[in-house]
Amino acid sequence: TWLMKELIDTTSGVEGANPVAYLLKLSIAFVLLMTVLFLIQYAAKPRFVARAMEEYRRLAFEKLSEKSIASFQMEKTSTYLSALTNDATTIEDGYLEGSLSLVPKLVSFAGSLVLMLVYSPTLFAIAMGLTILPFISSMISGNRLAPVEARVSEKNRNFTAILTDALNGFSVIKSFRAEKELYALFKAQSHELEREKYARRRLVSLLGMIGAVTGVFAQLGV
């Protein structure tokens, strides 16, 4: 943003603006810096996600192997299958990817604060005051997603259970000609799962709308 402002000042002929040669060097340096940062991300991000998922699965399987035979027999196999498949995907896409995106956003946030403070302490104070609104909205609504994710995980577990039982007992089901009953169970569990995922998507959309509206309010206010 600062570099664009300097380029516009120079091309507009603003008095005291930086010369074109200087801004050209800054632009080249900025592009090189971006390239280096993307290369670091290229090398680090896939490795971080891969190691994190390996650790998650290792720990989950380690906890499973520590259980006694009696304890294992009392619990559903689908719980562990879902934890190592469906929940793993949710953790990878929702948690790990989000955690990594926080790093550049925090750096940009800190840099923006410093830049505003240098240019205008008054504008800095106004911007911070207006930013409180989206911050408060995020704090209030942010904890509503976790229970929904837990319910989706539970429905995934139930769906995995009916699917596992159906495949393991397929010959028995065919022998008793219970295909219609199996289909009814499968359809019901699939509907329950999609209903919870539908509720999650609606909530994510609502939270995104709240953040976008309060964010635009803060920008227009500044």
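Check the entry above for the structure.
Residues numbered from 1 in each chain as written. Predicted model: local features only at pLDDT ≥ 70, side-chain atom pairs only at ≥ 80, totals over all residues. Heavy atoms only, no water.

Turning our eyes to something else, we now look at a nonpolar patch on the surface. Residues Trp2, Val114, Leu115, Val118 and Tyr119 make up a contiguous nonpolar surface patch of about 490 Å² in total accessible area. At four residues, helix 5 (residues 86-119) tops the list of elements feeding residues into the nonpolar patch. Looking at the element boundaries, Val118 is found in helix 5. By relative accessible area, Val118 is classed as exposed at 65%. (Patch = residues over 30% accessible without salt bridge, like charges linked within 9 Å, V, L, I, M, F, W, Y side chains within 5 Å. Areas by Shrake-Rupley, 256 points an atom, 1.4 Å probe, with all protein chains shown as cover. Salt bridge = Lys/Arg side-chain N within 4 Å of Asp/Glu carboxyl O. Helix = DSSP H or I, 4+ residues; strand = E, 2+ residues; numbered from the N terminus. Buried < 20%, exposed > 50% of the residue type's maximum accessible area, 1.4 Å probe, protein only.)

Okay, the environment of Leu123 next. Position of Leu123 among the secondary structure elements: in helix 6 (residues 121-141). Residue Leu123 is classed as partly exposed on the basis of its relative accessible area, which comes to 33%. Taking the C-alpha atoms as reference points, Leu123 and Val222, 99 residues apart in sequence, are found 7.4 Å from one another.

Moving on: the packing of aromatic side chains. Within this structure, the stated rule accounts for one aromatic pair. Plain terms: the ring middles of Phe159 and Phe186 are 5.3 Å apart, the flat faces sit at 50 degrees to each other, and that makes the pair tilted. Pair noted here: Phe159 is in helix 7 (residues 145-168) and Phe186 is in helix 9 (residues 179-221), with a separation of 27 residues, a long-range link. Owing to a relative accessible area of 17%, Phe159 belongs among the buried residues under this scheme. (Phe/Tyr/Trp six-rings, centres within 6.5 Å; stacked < 30°, edge-to-face > 60°.)

Here we come to the packing of helix 6 against helix 9. At a minimum axis distance of 7 Å, the contact between helix 6 and helix 9 shows a crossing angle of 170 degrees. Comparing their axes, helix 9 and helix 6 come out roughly antiparallel. Side by side, helix 6 and helix 9 meet where Leu130, Leu133, Pro134, Ser137 and Ser141 of the first sit next to Leu207, Ile210, Thr214, Gly215, Phe217, Ala218 and Gly221 of the second. A per-class count over the contact of helix 6 with helix 9 returns seven nonpolar, five polar and no charged. (Axes fitted to C-alpha atoms, helices over the stretch in contact; angles between N-to-C directions. Parallel < 35°, antiparallel > 145°, perpendicular 65-115°, else oblique. Contact = heavy atoms within 4.5 Å. Nonpolar A, V, L, I, M, F, W, Y, C, P; charged D, E, K, R; others polar.)

Here helix 4 (residues 77-84) crosses helix 5 at 25 degrees, and the two axes come no closer than 3 Å. As the angle between them shows, helix 4 and helix 5 are arranged roughly parallel. Between helix 4 and helix 5, the residues in contact are Leu81, Ser82, Ala83 and Leu84 and Asn86, Asp87 and Ala88, respectively. Each residue belonging to the contact of helix 4 with helix 5 can be placed in one class, and the counts come to four nonpolar, two polar and one charged.

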